[in-house]
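Here's the letter readout for the chains.
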Amino acid sequence: MCRLAVVLAEVFAEAQGNSLSLYPSEVAKKAQVSQQVVGEIFRALAERGYMECLKTDRRMRCVVTRGSPLWSAEHDKIYSILETL
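Summarised in this report is the structure supplied together with it. (Residues numbered from 1 in each chain as written. Predicted model: local features only at pLDDT ≥ 70, side-chain atom pairs only at ≥ 80, totals over all residues. Heavy atoms only, no water.)

## Remarks on the overall build of the protein chain
Inference 1: Scanning the protein chain from N- to C-terminus turns up 4 helices and 3 strands.
Inference 2: Tracing the protein chain from N to C terminus, the helices and strands come up as α-β-α-α-β-β-α.
Inference 3: Computed over its C-alpha atoms, the radius of gyration of the protein chain comes to 11 Å, within 12% of the 12 Å expected for a compact globule of 85 residues.
Inference 4: Oriented by its inertia axes, the alpha-carbon framework of the protein chain measures out at about 30 × 25 × 25 Å.
Inference 5: Here the protein chain holds 85 residues, and the buried ones make up 40% of them.
Inference 6: If you sum the accessible surface of the protein chain, you get close to 5,300 Å²; carbon and sulfur atoms cover 45% of it.
Inference 7: Averaging the positions of the 11 positive and the 10 negative side-chain charges in the protein chain gives two centres separated by 6 Å. (Helix = DSSP H or I, 4+ residues; strand = E, 2+ residues; numbered from the N terminus. Rg over C-alpha atoms; globule rule 2.2 N^0.38 Å. Buried < 20%, exposed > 50% of the residue type's maximum accessible area, 1.4 Å probe, protein only. Areas by Shrake-Rupley, 256 points an atom, 1.4 Å probe, with all protein chains shown as cover. Lys, Arg positive; Asp, Glu negative; His and termini not counted. Charge placed at Lys NZ, Arg CZ, Asp CG, Glu CD.)

## Regarding the packing of aromatic side chains
Inference 1: For the structure shown, the criterion picks out 1 aromatic pair.
Inference 2: Lying over the aromatic face of Tyr 23, Arg 59 brings its terminal NZ or CZ to 4.0 Å of the ring centre. (Phe/Tyr/Trp six-rings, centres within 6.5 Å; stacked < 30°, edge-to-face > 60°. Lys NZ or Arg CZ within 6 Å of the ring centre and 35° of its normal.)

## Overview of the packing of helix H1 (residues 2-14) against helix H2 (residues 24-31)
Inference 1: As a packed pair, H1 and H2 sit with axes 9 Å apart at the nearest point and diverge in direction by 110°. Comparing the axis directions of H1 and H2 gives the class roughly perpendicular. Note on packing geometry: the crossing formed by H1 with H2 is right-handed. On the side of H1, the interface is formed by Arg 3, Leu 4, Val 7 and Leu 8, while H2 contributes Val 27, Lys 30 and Ala 31.
Inference 2: Partitioned by chemical class, the residues of the contact of H1 with H2 number 5 nonpolar, no polar and 2 charged. (Axes fitted to C-alpha atoms, helices over the stretch in contact; angles between N-to-C directions. Parallel < 35°, antiparallel > 145°, perpendicular 65-115°, else oblique. Left-handed = near helix turned anticlockwise from the far one by under 90°. Contact = heavy atoms within 4.5 Å. Nonpolar A, V, L, I, M, F, W, Y, C, P; charged D, E, K, R; others polar.)

## Considering unusual backbone geometry
Inference 1: Despite not being glycine, Gln 32 has its phi angle at roughly 55°, a positive value.
Inference 2: Checked against the element boundaries, Gln 32 lands in the loop between H2 and helix H3 (35-47).
Inference 3: For Asp 57, which is not glycine, the phi dihedral falls at a positive 50°.
Inference 4: One can find Asp 57 in the loop between strand E2 (52-56) and strand E3 (59-65).

## Things to note about the pattern of salt bridges
Inference 1: Enumeration according to the criterion identifies 3 salt bridges in this entry.
Inference 2: Residue Glu 26 is joined to Arg 59 by a salt bridge in which the shortest nitrogen-to-oxygen separation is 3.0 Å. Here Glu 26, found in helix H2, pairs with Arg 59, found in strand E3; they are 33 residues apart in sequence, far enough to count as distant.
Inference 3: By relative accessible area, Glu 26 is classed as partly exposed at 41%.
Inference 4: Residue classification places Arg 59 among the partly exposed residues on the basis of a relative accessible area of 37%.
Inference 5: Of the charged contacts, one joins Lys 77 and Glu 74 as a salt bridge, the two residues approaching to 3.8 Å between their closest N and O atoms.
Inference 6: In this structure Lys 77 comes out as partly exposed when scored by relative accessible area, which is 44%. (Salt bridge = Lys/Arg side-chain N within 4 Å of Asp/Glu carboxyl O.)

So yeah, pure geometry; function would need other evidence.
Pasting the structure below:
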């Protein structure tokens, strides 16, 4: 969870625009976490309204908008959200 929070914080810190598409496979690789674990975490985040996930072909794409509490460059804020899942 901690590695995932750090990677997400880095992604959001570099993001431009009002929304960001995330793919569990890419995030898992960067965080060195199982793709299945990231997929389950993203699904749980989507169920709670932090992001919206859509399955396209064989990939899942999740979109986070700038207004989401998940969008933060501070990994401790993201980690605190992940802890509630």
